[in-house]
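Given next are the chains, with one letter for each unit.
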Amino acid sequence: MKRDMMRALASITLSLVLIGLGVAPLFAAEENEILQERYRIKEVGQDALSTLYEIQPSARHAIEHSAGYGVFSIFGLKIFFAGGTTGKGFVHNNRTKRYTYMRMVQVQGGLGFGATKDRIIWVFETQKALKDFITSGWEFGGKAQVAAMVQDTGGMFSGAVSIAPGVYLYQLTETGLAAELTVSGTKYFKDGELN
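Model, not experiment: these values are computed from the prediction. (Residues numbered from 1 in each chain as written. Predicted model: local features only at pLDDT ≥ 70, side-chain atom pairs only at ≥ 80, totals over all residues. Heavy atoms only, no water.)

Novice: Help me out: how do you make sense of the overall build of the protein chain in this one?
Specialist: Along the protein chain, the regular secondary structure elements total 3 helices and 9 strands. When the helices and strands of the protein chain are read in sequence order from the N terminus, they spell out α-α-β-β-α-β-β-β-β-β-β-β. Classification of the 195 residues of the protein chain by burial places 37% in the buried group. Sequence-distant contacts in the protein chain: of pairs separated by 6 or more residues, those separated by 24 or more amount to 70%. When the accessible area of the protein chain is evaluated, it comes to approximately 11,700 Å², of which 60% is carbon and sulfur surface. (Helix = DSSP H or I, 4+ residues; strand = E, 2+ residues; numbered from the N terminus. Buried < 20%, exposed > 50% of the residue type's maximum accessible area, 1.4 Å probe, protein only. Contact = heavy atoms within 4.5 Å. Areas by Shrake-Rupley, 256 points an atom, 1.4 Å probe, with all protein chains shown as cover.)

Novice: Just checking my understanding: could you explain the confidence of the model for the protein chain for this structure?
Specialist: Close reading of the predicted structure is inappropriate where its pLDDT is low. A residue-level look at the protein chain finds 67% of positions with pLDDT of 70 or above and a mean pLDDT of 79. Between residues 142–154, whose pLDDT stays under 50, and residues either more than four places distant or in other chains, the model counts 33 contacts. (pLDDT = per-residue confidence, 0-100.)

Novice: Please clarify how the pairing of strand β6 (residues 167–173) should be interpreted in this entry.
Specialist: Along any regular strand, the residues point their side chains to alternate faces of the sheet. The buried fraction of β6 amounts to 6 of the 7 residues, a majority that puts the element mostly inside the structure. Note that strand β5 (residues 161–164) and β6 share 3 bridges and pair antiparallel. Across the sheet, residue V161 finds its bridge partner in β6, namely L169. Linking β5 back to β6 in an antiparallel pair, the connection comprises 2 residues, with G166 at a positive phi of about 80°. (Pairing = 2+ DSSP bridges.)

Novice: Is there a simple way to think about the packing of aromatic side chains in this case?
Specialist: By convention here, two paired aromatic rings are described through the distance between centres and the angle between planes. If you walk through the whole model with that rule in mind, you get 12 aromatic pairs. Between the aromatic rings of F133 and Y188, the centroid separation amounts to 5.8 Å while the plane-to-plane angle is 50°, which identifies the pairing as tilted. Separated by 55 residues along the polypeptide, F133 in helix α3 (residues 127–136) and Y188 in strand β9 (residues 186–190) bring together distant segments of the chain. Just as F133 is buried, Y188 falls in that class too. (Phe/Tyr/Trp six-rings, centres within 6.5 Å; stacked < 30°, edge-to-face > 60°.)

Novice: In this structure, what is going on with the side chain of T186? I would like to understand it.
Specialist: As for its position among the elements, T186 is in strand β9. Side-chain polar atoms of T186 contact the side chain of Q106, separated by 3.1 Å. (Polar contact = N/O pair within 3.5 Å; in protein donor to acceptor, adjacent residues only side chain to side chain.)

Novice: How do you make sense of the nonpolar core when you look at a structure like this?
Specialist: Ranked by internal contacts, the top residues of the largest apolar core, which has 20 residues, are L49, L52, I63, V71, I121 and Y170. Mapped onto this core, the elements with two or more residues apiece are α1 (2–55), α2 (58–64), β1 (68–93), β2 (99–124) and β6. Examining the composition of this core, we find that 6 residues originate from one element, α1, more than from any other. The residues touching I63, leaving out its near neighbours within four places in the chain, are L49, L52, Y53, Y69, N94, I121 and V123. Core analysis: the next-biggest nonpolar cluster, separate from the first, contains 17 residues, I74, V91, M104 and V161 among them. (Core = buried A, V, L, I, M, F, W, Y, C linked by side-chain atoms within 4.5 Å.)

Structure below.
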């Protein structure tokens, strides 16, 4: 009887191992795709930061001394009365060095035609603002449009848009640092696949 139990246990164990061998490569392939996408997002983010530091050198100090920052690469398309923008990015906690991957969507109305490819850099002065963004995301409703602070002030956040206490945005366009940021109908949220 003991021998029969050992054979049954061995048979069950072998079956589970064989099943596992068939499924494990699928998980490994998916994990590899996730790692590649994370790497690509970080690479695009580092390129955006380098560009920002060239255009606005004071931004480096602001970002390095903040609680954290986020970098998003966004692509928008507008044809006649409808349009939309999507993007991916990450938020980096400067204290813990942890990355959280996020997405962004924006719905646009009104007459227009064209495509845009921008990069948005968020700067969070406090851990609370950073945590709130990561856990709850961010949503701009209505027709929100904000103007950048006067660049002649020479302050740490010169060229950035203040959107809430302790939260600043830089927008990099194909031609440089944007003076205005249109954020109506925009939502930021955690990427369920990459975290």
